[in-house]
Amino acid sequence: MFVQLVTSIILFTPPAVTTEPTELLPGIYVSQGMVEFEAKVSIDCHHPESPDVYLEMFVTAPDSREHEALFVADIQPSSLHGALLAAGFNSGEPISWGTQSNNHTTTNATGDQLQVLYSLVVDKDAEPEYLPIESLVIDLHTRDTLLEDDHRPSLVFAGSSFINSRYAADQSGTLISLTPFGDEVISPTWSLSPQADIDEPVWIANNELLPEIHTTIRIRIVKTRVEAEQESVDSVDTQEKPQ
């Protein structure tokens with residue numbers, strides 16, 4: 001598993017950030033196609049008596065699901081939504097559930113596909129090394145990371161929803177989910193339930209890579225390489241189209 005993980009990380013190259021980020025909102029930095037903010041490790045997966053910490057969130061806001069999230073970031077979900085829009089991302093819809101002809105139906109989350117990366121904050125003058133956040137999540141049984149899972153979901157800018165004129169994620173703190181709740185800003189495109197009686201919990205924190213609790217890290221959100229390349233092609237096509 002470790003060799004496969006190292007190979008996956010070596011082959012991984014995030015899209016380059018082309019403009020200098022500016023602080024659009026307190027603690028949230030934005031440039032074209034990129035959003036950054038700081039967070040802290042939320043859980044202790046290095047305690048010998050409790051090394052397996054089950055996860056439902058990648059990143060959560062304070063006073064929410066810190067005990068089942070990799071990181072906690074002191075930002076408002078609605079502020080993250082605004083920053084993603086300012087960076088040029090398009091929001092979609094969170095996962096939804098319904099019934100049709102007496103059958104339960106699920107519509108997975110939609111929106112621009114994103115890469116969520118993390119980096120240790122060691123020297124602010126040095127160029128940080130960003131890695132995919134999926135490398136910090138492993139399968140309890142196989143010990144493979146989510147990054148190595150051929151069936152892993154994409155992450156998309158779902159954009160939460162409004163309930164009684166209030167931004168739903170601001171009430172729940174759901175910034176970036178691993179298991180979709182239906183109100184997150186950034187959601188996976190699978191329907192894995194956070195309820196143990198529906199889907200067996202199998203995703204835990206990777207204690208080989210996750211730093212100690214309260215360690216400061218930096219989150220970077222960018223477009224997936226495929227989507228970024230497609231936008232570049234579309235832009236060229238538009239420029240070459242005769243007037």
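This one's a predicted model, so the numbers in the text were calculated from it and none came from an experiment.

1. A few points about the overall build of the protein chain
Looking only at helices and strands, the protein chain features four helices and 17 strands. Each of the 243 residues in the protein chain was classed as buried or not, and the buried ones make up 46%. At a minimum sequence separation of 6, the contacts of the protein chain that also span at least 24 residues come to 69%. Per element, the accessible surface of the protein chain, about 12800 Å² overall, is 49% carbon and sulfur.

2. Things to note about the confidence of the model for the protein chain
The share of residues in the protein chain with pLDDT of 70 or more is 81%, and the mean pLDDT across the chain is 84. The spread of mean pLDDT over the elements of the protein chain runs between helix α1 (residues 2-11), the lowest at 39, and strand β5 (residues 69-72), the highest at 98. Here residues 1-13 is modelled with pLDDT under 50, and outside its nearest four sequence neighbours on either side it reaches 24 contacts, counting other chains as well.

3. Quick notes on the nonpolar core
Grouped together as the largest cluster of nonpolar side chains are 48 residues, with contacts concentrated most on V35, F71, I219 and I221. At four residues, the largest contribution of residues to this core is made by strand β3 (residues 34-41). Apart from residues no more than four positions distant in its own chain, I219 is found in contact with V35, E36, F37, A39, V59, F71, V116, L117, Y118 and I133.

4. Looking at the environment of Q32
As for its placement among the helices and strands, Q32 is situated in the loop between β2 (28-31) and β3. Judged by relative accessible area, which is 52%, Q32 ranks as exposed. As for Q32 and L85, which are separated by 53 residues in sequence, their C-alpha atoms are 10.0 Å apart. In this structure the side chain of Q32 is engaged in a polar contact, spanning 3.4 Å, whose partner is the backbone oxygen of A87.

5. Side note on the packing of aromatic side chains
The relative placement of two aromatic rings is captured by the distance of their centres and the angle of their planes. In this structure the tally under the stated criterion is three aromatic pairs. Between F162 and Y167 the ring centres are 5.5 Å apart and the planes differ by 70°, which places this aromatic pair in the edge-to-face class. Geometrically, the ring pair formed by W190 and W203 is tilted, given 6.1 Å between the ring centres and 35° between the ring planes. Of the two residues, W190 sits in the loop between β15 (186-188) and β16 (203-205) while W203 sits in strand β16, which places them 13 residues apart along the sequence. A relative accessible area of 16% means that W190 is categorised as buried. Judged by its relative accessible area of 7%, W203 is buried. Sitting over the face of the ring of F181, R65 holds its NZ or CZ atom 3.7 Å from the ring centroid.

6. Observations concerning the pairing of strand β4 (residues 57-60)
In this sheet, β5 lies alongside β4 in parallel orientation, the contact comprising three bridges. Residue pairing for β5: M57 is matched across the bridge by A69. With three bridges joining them, β4 and strand β14 (residues 174-177) adopt antiparallel strand pairing. When the bridges of β14 are listed, V59 appears paired with I176.

7. Notes on the pattern of salt bridges
Taken as a whole and assessed by the stated rule, the structure comprises five salt bridges. E36 is paired through a salt bridge with R218; the nearest N and O atoms lie 2.8 Å apart. Taken together, the residues span a long stretch of sequence, with E36 in strand β3 and R218 in strand β17 (residues 216-223) at a distance of 182 residues. Take E36: its relative accessible area is 5%, and that puts it in the buried class.

8. Side note on the environment of M34
For M34, the position within the fold is in strand β3. With 13 residues separating them along the chain, M34 and P21 place their C-alpha atoms 7.9 Å apart.

9. As for the side chain of N206
Within the secondary structure layout, N206 lies in the loop between β16 and β17. Looking at N206, its side chain comes within polar contact range of the main-chain oxygen of S135, at 3.0 Å. Looking at N206, its side chain comes within polar contact range of the main-chain nitrogen of E208, at 3.1 Å.

10. A look at the environment of S160
Here S160 shows up in the loop between β11 (155-157) and β12 (162-163). Between the C-alpha atoms of S160 and D170, which are ten residues apart in sequence, the distance is 9.2 Å. Here D183 takes part through its backbone oxygen, which lies 2.7 Å from a polar atom of the side chain of S160.

What counts and what doesn't
- Residues numbered from 1 in each chain as written.
- Predicted model: local features only at pLDDT ≥ 70, side-chain atom pairs only at ≥ 80, totals over all residues.
- Heavy atoms only, no water.
- Helix = DSSP H or I, 4+ residues; strand = E, 2+ residues; numbered from the N terminus.
- Buried < 20%, exposed > 50% of the residue type's maximum accessible area, 1.4 Å probe, protein only.
- Contact = heavy atoms within 4.5 Å.
- Areas by Shrake-Rupley, 256 points an atom, 1.4 Å probe, with all protein chains shown as cover.
- pLDDT = per-residue confidence, 0-100.
- Core = buried A, V, L, I, M, F, W, Y, C linked by side-chain atoms within 4.5 Å.
- Polar contact = N/O pair within 3.5 Å; in protein donor to acceptor, adjacent residues only side chain to side chain.
- Phe/Tyr/Trp six-rings, centres within 6.5 Å; stacked < 30°, edge-to-face > 60°.
- Lys NZ or Arg CZ within 6 Å of the ring centre and 35° of its normal.
- Pairing = 2+ DSSP bridges.
- Salt bridge = Lys/Arg side-chain N within 4 Å of Asp/Glu carboxyl O.

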